[in-house]
Amino acid sequence: MYRFNPSALCLSEQAVDVLRTALLHKWSWPILPLISLVLGTVIYLRGWAFARRTRAAELSLWRPASFLAGAASLWIAIASPLDAFDDYLLTAHMIQHFILMSVAPPLLVLSAPVVPLLRGLPRWVVRWPLHWFFTSRAVRYVLNRLGHPAVIWVAMNVAYLGWHAPKAFELTFRSEGWHNLEHLCFFLTSLAFWLVVIEPWPAKTRWPRWAAIPYLLSADLLNTVLSGLLTFSGRVLYPSYQQAPRVCGLTALQDQIAAGSEMWVLNSTVFLIPAIVLTVHLLSPKIYRQRQVELTG
């Protein structure tokens, strides 16, 4: 059995050099994500200011704070030194995936982004291309099918498990394009997943509210399977980390064990807390539930 050795965390000179370089010079500025985040933030804040004039209860001050936190966490995942360390440490790579799937998406969803983003766009955009898009029968049919909670659950979990399969994971090491596609899959499927769980205003529920509990718990079960496999497999599953320079005292296998444990705890926490909150809410007296809805909008 592996025993944790605190001395293993002592950094070598090579590790110190890598850490210093990463912290000082590895902040990247990918143009397309940067423009998208800045433009999206400006549109959201503009639309929130307009919409709040008539929807103050639904669009209170914590909504834009949540959007800004989500955008900032997304930028940290893709542009901070964390992205530089993912070639050396699986633990850093898994923290990046955790932010992309379980931090940025729920924060953005909690901001109730639909109405502010639509109100923030120029009127001609809403009146012509978006109006045509959302009134098209074919588009509505496809969105209705793809937006079903069961389809979204499958998509998120297939993306999560599929990209962590050794062959797919190794592919992202050899190609930056595949790596970016992996991150995009994680973010978009998780965004849809949390839209189903949170149902932000003005979303209409498509199934009983209690169904979100098994929805979350079953996703956590698959997370437990993958995390347990990384933690207890007894061998390095991703050869690229076996060959990567060791920037700390952890061996490749110890790094994998730490990454699996990290995924297990962090992701399970994010799945279980909303499930507990929903359970308590549903078991609360009806008058109390109505009061909570009035307070939260």
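Parameters at a glance
Position numbers for residues start from 1 in each chain and track the written sequence from start to end. Where local features are concerned, this predicted model is filtered to residues with pLDDT of at least 70; where side-chain atom pairs are given and counted, the filter is 80 or more; whole-chain, interface and lining totals use all residues. The side-chain values count all of the structure's non-hydrogen atoms but skip hydrogen atoms and water molecules. Each axis is a line fitted through C-alpha atoms, taken for helices only over the stretch in contact, and angles between the N-to-C directions span 0 to 180 degrees. Counting from the N terminus, the helices are the DSSP runs of H or I reaching at least four residues and the strands are the DSSP runs of E reaching at least two. Each angle gets one of four labels, with under 35 degrees taken as roughly parallel, over 145 as roughly antiparallel, 65 to 115 as roughly perpendicular, and the rest as oblique. It is the rotation of the near helix from the far one that decides the hand of a crossing: anticlockwise by less than a right angle makes it left-handed, clockwise makes it right-handed. The contact rule is simple, with two residues in contact once any of their heavy atoms fall within 4.5 Å. Residues were grouped as follows: Ala, Val, Leu, Ile, Met, Phe, Trp, Tyr, Cys and Pro as nonpolar; Asp, Glu, Lys and Arg as charged; and all remaining residues, including Gly, as polar. Only buried residues count toward a nonpolar core. Its members are Ala, Val, Leu, Ile, Met, Phe, Trp, Tyr and Cys residues joined through side-chain atoms within 4.5 Å. Partly exposed describes any residue whose relative accessible area lies between the buried limit of under 20% and the exposed limit of over 50%, with all areas from a 1.4 Å probe on protein chains only and scaled to the type maximum. Any Lys or Arg side-chain nitrogen found within 4 Å of a carboxyl oxygen on Asp or Glu counts as a salt bridge. In summary, the pairing rule links any two rings of Phe, Tyr or Trp, Trp by its six-membered ring, whose centres are within 6.5 Å, and it sorts them by plane angle into stacked for under 30 degrees, edge-to-face for over 60 and tilted for everything else. By definition, no residue in a patch forms a salt bridge, and every one has over 30% relative accessible area; like charges are joined within 9 Å, nonpolar side chains (Val, Leu, Ile, Met, Phe, Trp, Tyr) within 5 Å. In this description, accessible areas are obtained by the Shrake-Rupley approach with a 1.4 Å probe, and a residue is regarded as covered only by the protein chains that are shown. For the purpose of counting charges, residues Lys and Arg are taken to be positive, whereas Asp and Glu are taken to be negative. His and the chain ends are not included. Just so you know, the charge point we use is NZ for Lys, CZ for Arg, CG for Asp and CD for Glu. An expected span of 1.5 Å times one less than the residue number is assigned to each helix. A residue's bend is given by the angle between axes fitted to the 7 residues ending at it and the 7 residues starting at it. This arc corresponds to the set of directions leading from the helix axis out to the C-beta atoms. In the analysis that follows, any N or O atom pair within 3.5 Å is treated as a polar contact, provided that within protein one partner can donate a hydrogen and the other can accept it, and provided that, for residues neighboring in sequence, both atoms belong to side chains.

Draft legend 1. Seen up close, the packing of helix α5 (residues 90–110) against helix α14 (residues 252–283). Contact pair α5 / α14: the axes reach a minimum separation of 8 Å and the direction vectors enclose 20 degrees. Relative to α14, the element α5 is oriented roughly parallel. The interaxial crossing formed by α5 with α14 has right-handed handedness. The residues of α14 that touch α5, namely those facing L90, T91, M94, I95, F98 and S102, are D255, Q256, A258, A259, E262, M263, L266, N267 and V270. Considering only residue class, the contact of α5 with α14 consists of nine nonpolar, four polar and two charged.

Draft legend 2. Looking closely at the nonpolar core. In terms of nonpolar packing, the biggest core is built from 33 residues, with F193, W194 and L216 touching the most fellow members. When contributions to this core are tallied by element, the ones reaching two or more residues are α5, α9 (149–163), α10 (166–174), α11 (176–198), α12 (212–232) and α14. The element that contributes the greatest number of residues to this core is α12, accounting for seven residues. Excluding anything up to four places from it in sequence, W194 contacts M101, S102, P105, P106, V109, E199, L216, V270, F271 and P274. Residues Y44, W48, F67 and F187 belong to the second largest nonpolar core, which totals 27 residues.

Draft legend 3. Structural detail: the environment of S60. Mapping S60 onto the fold places it in the loop between α2 (31–51) and α3 (62–79). Exposure remark for S60: the relative accessible area of 18% places this residue in the buried category. Counting along the chain gives 51 residues from S60 to S111, while the straight-line C-alpha distance between them is 9.4 Å.

Draft legend 4. Main features of the pattern of salt bridges. This model, assessed by the stated rule, comprises three salt bridges. Across the pair E58 and R55 runs a salt bridge, and its minimum N-O distance is 3.2 Å. Given the relative accessible area of 38%, R55 is considered partly exposed. Close ionic contact of R209 with E199 constitutes a salt bridge, the shortest N to O distance being 3.8 Å. Taken together, the positions of R209 in the loop between α11 and α12 and E199 in the loop between α11 and α12 put the pair 10 residues apart, joining distant regions of the chain. Overall, R209 belongs to the partly exposed group, its relative accessible area being 24%.

Draft legend 5. Just the packing of aromatic side chains, in detail. Inspection of the entire model under this criterion finds 12 aromatic pairs. An angle of 85 degrees between the planes, with centres 5.2 Å apart, marks the rings of W207 and Y215 as edge-to-face. Centre to centre, the rings of F232 and W264 are 6.0 Å apart; their planes meet at 80 degrees, and the pair counts as edge-to-face. Of this pair, F232 sits in helix α12 while W264 sits in helix α14; the two residues are 32 residues apart in sequence, bridging distant segments of the chain. For F232, a relative accessible area of 62% gives the class exposed.

Draft legend 6. View of a positive patch on the surface. Taken together, the side chains of R46, R53, R119, R123 and R127 define a basic patch exposed on the protein surface. The topology assignment puts R127 in helix α7 (residues 123–135).

Draft legend 7. Structural view of the packing of α7 against helix α8 (residues 137–146). Put simply, α7 and α8 touch, their axes get as near as 5 Å, and they point 65 degrees apart. Of the residues in α8, those touching α7 at F133, F134 and T135 are R137, V139, R140 and L143. Residues of the contact of α7 with α8, tallied by class, amount to four nonpolar, one polar and two charged.

Draft legend 8. Spotlight on α5. For α5, with 21 residues, the first-to-last C-alpha span of 29 Å sits near the 30 Å given by 1.5 Å per residue. At I99, α5 is bent by approximately 40 degrees, the largest bend along its length. A large share of α5 lies buried, amounting to 17 of its 21 residues. Following α5 by one or two positions, A112 adopts a phi angle in the positive range, close to 50 degrees.

Draft legend 9. Local environment of α9. Here α9 contains 15 residues, and its C-alpha end-to-end distance of 21 Å stays within 8% of the 21 Å for a straight helix at 1.5 Å per residue. Every buried residue of α9 is accounted for by P149, I152, M156, N157, A159, Y160 and W163. End-on, the buried residues of α9 take up no more than an arc of 160 degrees, which puts them together on one face. Summarising the contacts, the buried residues of α9 are in contact with α5, α8, α10, α11, α12 and α14.

Draft legend 10. A look at the side chain of T231. With respect to the element layout, T231 can be found in helix α12. Here T231 falls in the buried class, since its relative accessible area comes to 11%. Side-chain polar atoms of T231 contact the backbone oxygen of S227, separated by 2.8 Å.

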